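# Summary of structural features
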Amino acid sequence: MTEGRDDRGVAQTGSNARKVFIKTYGCQMNVYDSQRMGDALGSDGYQPTETMEDADLILLNTCHIREKAAEKIYSELGRIRLLKAERANEGRELRVGVAGCVAQAEGHEIIARAPAVDLVIGPQTYHRLPQALAKVARGERVVDIDHAVEDKFDHLPASQAGQIRGRGVAAFLTVQEGCDKFCTFCVVPYTRGAEVSRPLAQILEEARRLVAAGVREITLLGQNVNAWESSDAQGRAIGLGGLVRQLAEIPNLLRLRYTTSHPRDMDDALIAAHRDLPALMPYLHLPVQSGSDRILKAMNRRHTAADYLRLLDRIRAARPDIALSGDFIVGFPGETDADFEDTLTLIREVGYASAFSFKYSPRPGTPGATMEGHVDEGVKDERLQHLQALLRDQQAAFARAQVGRRMPVLIEKHGRHPGQMIGRSPFLIPVVLPASAGAVGAVAEVRIESVRPNSLMAEGAEAMPEAMRLRA
Ligand code: SAM
Ligand code: SF4
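Values in this document were obtained by computation on a predicted structure and should not be read as measured data. (Residues numbered from 1 in each chain as written. Chains lettered and ligands numbered in written order. Predicted model: local features only at pLDDT ≥ 70, side-chain atom pairs only at ≥ 80, totals over all residues. Heavy atoms only, no water.)

## Some details on the packing of aromatic side chains
For the structure shown, the criterion picks out 5 aromatic pairs. Where Phe182 meets Tyr190, the ring centres are 5.6 Å apart and the plane angle is 80 degrees; that geometry is what we call edge-to-face. Assessed through its relative accessible area of 38%, Phe182 is described here as partly exposed. Taking relative accessible area as the criterion, Tyr190 reaches 39% and is therefore assigned partly exposed. A centroid spacing of 5.3 Å and a plane angle of 85 degrees characterise the contact between Phe328 and Tyr352, whose relative ring orientation is edge-to-face. Highlighted residues: Phe328 in strand β17 (residues 323-330) and Tyr352 in the loop between α14 (337-350) and β18 (354-359), separated in sequence by 24 residues. (Phe/Tyr/Trp six-rings, centres within 6.5 Å; stacked < 30°, edge-to-face > 60°. Buried < 20%, exposed > 50% of the residue type's maximum accessible area, 1.4 Å probe, protein only. Helix = DSSP H or I, 4+ residues; strand = E, 2+ residues; numbered from the N terminus.)

## Looking at the pairing of strand β6 (residues 95-99)
Across the 5 residues of β6, 5 count as buried, placing the element largely inside the fold. Side chains of β6 alternate between two faces, with Arg95, Gly97 and Ala99 and Val96 and Val98 buried alike. In this sheet, strand β7 (residues 119-121) lies alongside β6 in parallel orientation, the contact comprising 3 bridges. What sits directly across from Ala99, in β7, is Ile121. (Pairing = 2+ DSSP bridges.)

## Quick notes on the packing of helix α11 (residues 268-276) against helix α13 (residues 305-318)
Where α11 contacts α13, the axes come no closer than 8 Å and their chain directions differ by 35 degrees. On α13, the residues that touch Asp268, Ile271, His274 and Arg275 of α11 are Leu311, Arg314, Ile315 and Ala318. Classifying every residue of the contact of α11 with α13 by side-chain character gives 4 nonpolar, 1 polar and 3 charged. (Axes fitted to C-alpha atoms, helices over the stretch in contact; angles between N-to-C directions. Contact = heavy atoms within 4.5 Å. Nonpolar A, V, L, I, M, F, W, Y, C, P; charged D, E, K, R; others polar.)

## Points about unusual backbone geometry
A cis amide bond links Thr259 with the next residue in sequence, Thr260, at an omega value of 0 degrees. Looking at where Thr260 falls in the secondary structure, it is placed in the loop between β15 (255-259) and α11. Here Asn252, not a glycine, exhibits a phi torsion of approximately 70 degrees, which is positive. Within the fold, Asn252 resides in the loop between α10 (240-247) and β15. On the basis of relative accessibility, which here comes to 49%, the residue Asn252 falls in the partly exposed class. Its identity as a non-glycine residue notwithstanding, Gln289 has a phi of 75 degrees, on the positive side. Mapped onto the fold, Gln289 is located in the loop between β16 (283-285) and α12 (293-298). Relative accessible area serves as the criterion here: at 7%, Gln289 is assigned to the buried category.

## Some details on the sheet that holds strand β3 (residues 18-24)
Two pairing modes exist for strands in a sheet, parallel and antiparallel, and in both the strands are linked by backbone hydrogen bonds. Strand order in the open sheet formed by 6 strands is β4-β3-β5-β6-β7-β8, with parallel pairing between adjacent strands. Since the sheet does not close on itself, it has two edges, and those belong to β4 (46-48) and β8 (142-144), each with one partner. Across the sheet, the mean angle from the axis of one strand to that of its neighbour is 20 degrees, orientation sign disregarded. Sitting on the sheet, helix α2 (residues 67-89) is in contact with β3, β5 (57-62) and β6, with an inclination near 175 degrees to β5. Contacting β4, β5, β6, β7 and β8, helix α5 (residues 129-137) crosses the sheet at an angle of about 160 degrees to β7.

## Things to note about the packing of α14 against helix α15 (residues 377-400)
When two helices pack together, their arrangement is given by the angle between the helix axes and the distance between those axes. At a closest axis distance of 11 Å, the pairing of α14 and α15 adopts a crossing angle of 10 degrees. Put simply, α14 runs roughly parallel to α15. From α14, Asp337, Phe340, Thr343, Leu344, Ile347 and Arg348 reach across to α15, where they touch Arg383, His386, Leu387, Leu390, Leu391 and Gln394. Among the residues forming the contact of α14 with α15, the class breakdown is 6 nonpolar, 3 polar and 3 charged. (Parallel < 35°, antiparallel > 145°, perpendicular 65-115°, else oblique.)

## Some points on the site of ligand 2
In the neighbourhood of ligand 2, the contacting residues comprise Cys179, Lys181, Phe182, Cys183, Phe185, Cys186, Val188, Pro189, His262 and Arg301. Its residues assigned to classes, the shell around ligand 2 shows 7 nonpolar, 1 polar and 2 charged. (Near = heavy atom within 4 Å.)

## Some thoughts on the environment of Pro434
Tracing the backbone shows Pro434 in strand β21 (residues 430-434). Pro434 sits 14 residues away from Gln420 along the chain, and the two C-alpha atoms are 4.8 Å apart.

## Observations regarding α2
Compared with an ideal rise of 1.5 Å per residue, which puts 23 residues at 33 Å, α2 spans 34 Å between its outermost C-alpha atoms and is within 8% of the ideal. Within α2 the residues assigned to the buried category are Ala69, Ala70, Ile73, Tyr74, Glu76, Leu77, Ile80, Leu83 and Arg87. Looking at the buried positions of α2, the neighbouring elements they touch are β3, β5, β6, α3 (100-106) and α4 (108-113). Directly after α2, the chain includes Gly91, whose backbone phi takes a positive value near 75 degrees. (Expected span 1.5 Å × (residues − 1).)

## Quick notes on the sheet that holds β16
Taken in spatial order, the 3 strands line up as β16-β17-β18 in an open sheet, and their pairing is parallel. Each of the sheet's edge strands pairs with one partner strand only, and the pair in question is β16 and β18. Averaged over all pairs of adjacent strands, the angle between strand axes in this sheet comes to 10 degrees, irrespective of strand direction.

## Side note on the site of ligand 1
Contacts to ligand 1 come from 16 residues, most closely from Phe185, Gln223, Gln289, Asp327 and Ser361. Note that an oxygen atom of ligand 1 is positioned 2.6 Å from one of the side-chain N or O atoms of Asp327. Measuring from a nitrogen atom of ligand 1, one finds a backbone N or O atom of Ser361 at 2.8 Å. Against a free-state accessible area of 560 Å², the protein chains account for coverage of 89% of ligand 1. For the shell around ligand 1, the elements supplying multiple residues, two or more each, are β17 and β18. A class-by-class count of the residues in the shell around ligand 1 yields 6 nonpolar, 5 polar and 5 charged. (Polar contact = N/O pair within 3.5 Å; in protein donor to acceptor, adjacent residues only side chain to side chain. Areas by Shrake-Rupley, 256 points an atom, 1.4 Å probe, with all protein chains shown as cover.)

## Here we look at the pattern of salt bridges
Counted according to the given criterion, the structure contains 33 salt bridges. Between Glu93 and Arg95 there is a salt bridge; the shortest N-O distance is 2.8 Å. A salt bridge links Arg447 to Glu459; the shortest N-O distance between them is 4.0 Å. With Arg447 in strand β22 (residues 443-452) and Glu459 in the loop between β23 (455-458) and α16 (466-471), this residue pair connects regions lying 12 residues apart in the sequence. Judged by relative accessible area, Arg447 falls into the partly exposed class, the value being 31%. (Salt bridge = Lys/Arg side-chain N within 4 Å of Asp/Glu carboxyl O.)

What follows is the structure, given as structure tokens:
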């Protein structure tokens, strides 16, 4: 039976335990943070629930990267306010918290604008959730968005084996937070603060714990993950390439990935790791944002399009089959048709396996927001459509090129149809396999037979029961 404590420190057991619903917006780093918030609340007696209606505590873990992302939070809080009012009519309590980057950026304003909110907590202080909730129970509305002096990772309870298993065989592990690059469009240096790397020993310990609980693939996370640095047991400086080498030695850790990288921080050691380590998957998310040197300069990216292409040549020389992914922004202030053409040219030259693309969204407090030459929304829309059509074609071509190839697939879960399993190719594309290929956590060597819109079909996966075929 699960044991917990209520806000007055009184132990609760089993079905009396309170439930928390955590809704995650934005990037993988927020997914990881939500898991760790779940760990912190688990040791405070909360059990996770998948339904908001069932929860005693609702936490929104938010994203501030674009205006739309932030506005979504306020409309969700409007709906939650109604739920909270219904609960109050029934004489039951519902507590509501806002965490993540909107919490960090807007702090007290959230409390003022959204009366349903009891608690606002930043990305650096969520280890203090239990204390903040205790204050809420005493009737306070809490805002805790300091850049805490203590390291949250030293204060968070370690994830338990059962919790890790429930999250699957592929796990995230944050190794680095914050950013010192100050791209002129981006809020991250303001919401997540300066670059901080977690120490090597702490990361190795967390990785071993994940693997002992059944994890077979780890994706290292950081806002600028390849800026990670620490020192090894001998006190020598070590970067991400060295970290990946040490992780690759952990028995049963079959696959490693990392995201998101900045082109300026791709050093020789990391490129060599791609050449030498079979566990380091041949997939790299390396955003360039624009193909125009003028716009790259205005964005303060500190590299040119040619620098980026030369870097890709070096990476491809080390790992010829590497699949490339990127991020693109269209309509940055001052972007002309010719600048946009330069971006299309760069995309054609690279050939991406996947990519993310966005319309520029002015973020208050960033230099881009006050620059001259904001681009008309209609023009941004047109450019985005054009760019996405090109990227879609490249993505489809990459997927088609896998047909007939044999590749190792990590089996992650059961498929929707009986007899099917879902796994990941080395290039991150989901693969549908027959159940006979192996169990969850195994790596199966399969031949790709066909392509679906968002997945690859392995040999034998099409053999679905008659009823399923008729429905399809
Ligand atoms: N650190 C990573 C890098 O340097 O590429 C990216 C971090 S950011 C969370 C993810 C992506 O969001 C960026 O690569 C960029 O394409 C996009 N992005 C950031 N700020 C934006 C803005 N103001 N408007 C539109 N897209 C934005
Ligand atoms: Fe934002 Fe990435 Fe630039 Fe840092 S490097 S400011 S996180 S886009």
